[in-house]
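Overview (structure and organization)
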Amino acid sequence: MQIGPHSLPNRLFVAPMAGVTDRPFRQLCRAFGAGYAVSEMVTSRKDLWHTLKTSRRADHAGEPGPIAVQIAGTDAAMMAEAAQYNIDRGAHIIDINMGCPAKKVCNKWAGSALMQDEALALSIVEAVVAACAPHGVPVTLKMRTGWCARVKNALGIARAAESAGVQMVTVHGRTREQGYKGVAEYDTIAAVKAALKIPVVANGDIDSPEKASAVLRATGADALMIGRAAQGRPWIFREVAHFLATGQHLAPPLVLEVRRALLDHLHDHYGLYGEFSGVRSARKHIGWYVRALPGGEDFRRRMNLVDSAAVQWQLVADYFEELADGHERLPTALADQPTGALEAR
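The sections below set out a description of the structure shown in this document. (Residues numbered from 1 in each chain as written. Predicted model: local features only at pLDDT ≥ 70, side-chain atom pairs only at ≥ 80, totals over all residues. Heavy atoms only, no water.)

1. Brief notes about the pairing of strand 8 (residues 168-175)
Burial within strand 8 is extensive, with eight of its eight residues counted as buried. Bridge analysis of strand 7 (residues 139-146) against strand 8 gives six bridges, and the strand direction is parallel. Paired with Gly 146 across the bridge in strand 8 is Thr 175. Bridge count for strand 8 against strand 9 (residues 200-203) is four bridges, and the pairing is parallel. Paired with His 172 across the two strands is Asn 203, which belongs to strand 9. Between the parallel pair strand 8 and strand 9, the chain is carried across by helix 7 (residues 187-195), and the sense of this crossover is right-handed. (Buried < 20%, exposed > 50% of the residue type's maximum accessible area, 1.4 Å probe, protein only. Helix = DSSP H or I, 4+ residues; strand = E, 2+ residues; numbered from the N terminus. Pairing = 2+ DSSP bridges. Right-handed = clockwise from strand over helix to strand, strands pointing away.)

Here it is as structure tokens:
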């Protein structure tokens, strides 16, 4: 798999998710077999670049390349400047966000709202490509099938983006109107793949090895992007890779392996956010891990009352150590649980 000059180890990608795909989470997914990870979206508003929130999103310390940064905005010149800003801070690939369905983003005409104004969308693409070209930095685009069921214009925008110099397109198989409701459709992604020469990535409801294989067959896509199904289940990438290569399922991960991975994740998470914010933002990650596990819901409720990093870390350590006493491998209730229909909290 190739994006511009960058060779990727495989075709399984981590989707950018606001509030989730920070550096610790990206590194965790890569450790479990993801070949590529895109940052949370970084605003094109210069007045917000030096805020704590943006500085954390732009933190790539120790992260292996290629480093891909997603930018979001509505003004072509500002988006070009944002691309340059992130290149100066180590970005190897710039991704344009035309897929986020969140109201706070779309109400400002960013994210998937750009699909309503194709002329504006194309001007942004052209400006960002022009800003990146002198540095040899490829530009990619992530979008939805369209704004609503009546207006599915992903194919037209994808063709225009390719002509403007975009080097990879990712399509989430839902409209902005759907948000994360209903089910993803793949016919639009297949049409985009058939029309383009650049790589096309399929995204949406890929929550099991079988689903990954089916989506590849249905779309002919060059790669798959997995988002919500990796929340609390980062080993999905190695499970999918093994299934695609062999047709066989991997055994569920060892409980002690999951324990070690989560504790390491928490350590990195606290290091990025500090104790106050780190403990609170870690709660969702811990909750995703323990859902459907024995005693998981009771543990989550108790853990959510803790505001000390040391206590939170130890509670997690003890919970999984106790789980390991009765289970060598993670109970299949979690290992097999489809998560594509769950919304990020």
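Back to the write-up after that little detour.
2. Notes on the sheet that holds strand 8
Pairing in this closed barrel of eight strands is parallel, and the strands run 3-4-5-6-7-8-9-10 around the ring. Direction aside, neighbouring strands of the sheet carry axes that sit 30 degrees apart on average. (Axes fitted to C-alpha atoms, helices over the stretch in contact; angles between N-to-C directions.)

3. Overview of helix 3 (residues 76-88)
Counting along an α-helix, one turn takes 3.6 residues, and residues three or four places apart therefore face a common direction. End to end, helix 3 covers 19 Å across 13 residues, agreeing with the expected 18 Å (1.5 Å per residue, within 8%). Within helix 3, burial applies to Ala 76, Met 79, Ala 80, Ala 82, Ala 83, Tyr 85, Asn 86 and Ile 87. On the buried face of helix 3, the contacting elements are strand 4 (36-43), strand 5 (68-72), strand 6 (93-98) and helix 5 (118-132). The backbone nitrogen of Ala 77 lies 3.1 Å from a side-chain oxygen of the residue at the head of helix 3, namely Asp 75. (Expected span 1.5 Å × (residues − 1). Contact = heavy atoms within 4.5 Å. Polar contact = N/O pair within 3.5 Å; in protein donor to acceptor, adjacent residues only side chain to side chain.)

4. Considerations on the environment of Asp 325
For Asp 325, the location among the structural elements is in helix 12 (residues 309-326). Here the alpha-carbon distance between Asp 325 and Val 192, two residues 133 residues apart in the chain, equals 50 Å.

5. A look at the environment of Val 151
Looking at the secondary structure, you find Val 151 in the loop between strand 7 and helix 6 (154-164). Considered as a pair, Val 151 and Ala 223 are 72 residues apart in the sequence and their alpha carbons are 25 Å apart.

6. Topic: unusual backbone geometry
Going from Gly 65 to Pro 66, the amide bond is cis rather than trans, its omega being -5 degrees. Of note, Asp 205 is a non-glycine position whose phi angle comes to about 65 degrees, a positive value. Considering the arrangement of structural elements, one finds Asp 205 in the loop between strand 9 and helix 8 (209-219). Non-glycine residue Ala 292 carries a positive phi angle of around 70 degrees. Tracing the backbone shows Ala 292 in the loop between helix 10 (255-290) and helix 11 (296-303). Residue classification places Ala 292 among the partly exposed residues on the basis of a relative accessible area of 45%.

7. Describing the packing of helix 5 against helix 6
Any two packed helices are characterised by the angle at which their axes cross and by the distance between the axes. Helix 6 packs onto helix 5 with a crossing angle of 25 degrees between their chain directions and a minimal axis gap of 9 Å. Regarding the angle of helix 5 to helix 6, the classification is roughly parallel. Considering the relative orientation of helix 5 and helix 6, their crossing is right-handed. Between helix 5 and helix 6, the residues in contact are Glu 118, Leu 122, Val 125, Glu 126 and Val 129 and Ile 157, Ala 160, Ala 161 and Ala 164, respectively. (Parallel < 35°, antiparallel > 145°, perpendicular 65-115°, else oblique. Left-handed = near helix turned anticlockwise from the far one by under 90°.)

8. Examining the side chain of Arg 144
Mapped onto the secondary structure, Arg 144 falls in strand 7. Looking at Arg 144, its side chain comes within polar contact range of the main-chain oxygen of Thr 175, at 3.0 Å. A distance of 2.5 Å separates a polar atom in the side chain of Arg 144 from the backbone oxygen of Gly 179.

9. Notes on helix 7
Three or more residues of helix 7 are buried, namely Thr 188, Ile 189 and Val 192. Burial along helix 7 is one-sided: seen end-on, the buried residues are contained in an arc of 100 degrees. Residues of helix 7 that are exposed and angled more than 90 degrees away from the buried face: Asp 187 and Ala 194. At its buried positions, helix 7 is contacted by strand 7, helix 6, strand 8, strand 9 and helix 8. (Arc of directions from axis to C-beta.)

10. Section: the packing of aromatic side chains
This structure, assessed with the given rule, holds five aromatic pairs. Aromatic pair Phe 13 and Tyr 36: ring centres 4.9 Å apart, planes at 70 degrees, arrangement edge-to-face. Note that Phe 13 is positioned in strand 3 (residues 12-14) and Tyr 36 in strand 4, a separation of 23 residues in sequence. Given the relative accessible area of 0%, Phe 13 is considered buried. The buried category is assigned to Tyr 36, whose relative accessible area is 0%. Three or more aromatic residues joined by ring pairs make a cluster, and in this case those are Phe 32, Trp 235 and Tyr 289. (Phe/Tyr/Trp six-rings, centres within 6.5 Å; stacked < 30°, edge-to-face > 60°.)

Function cannot be inferred from these measures alone, as they are strictly geometric.
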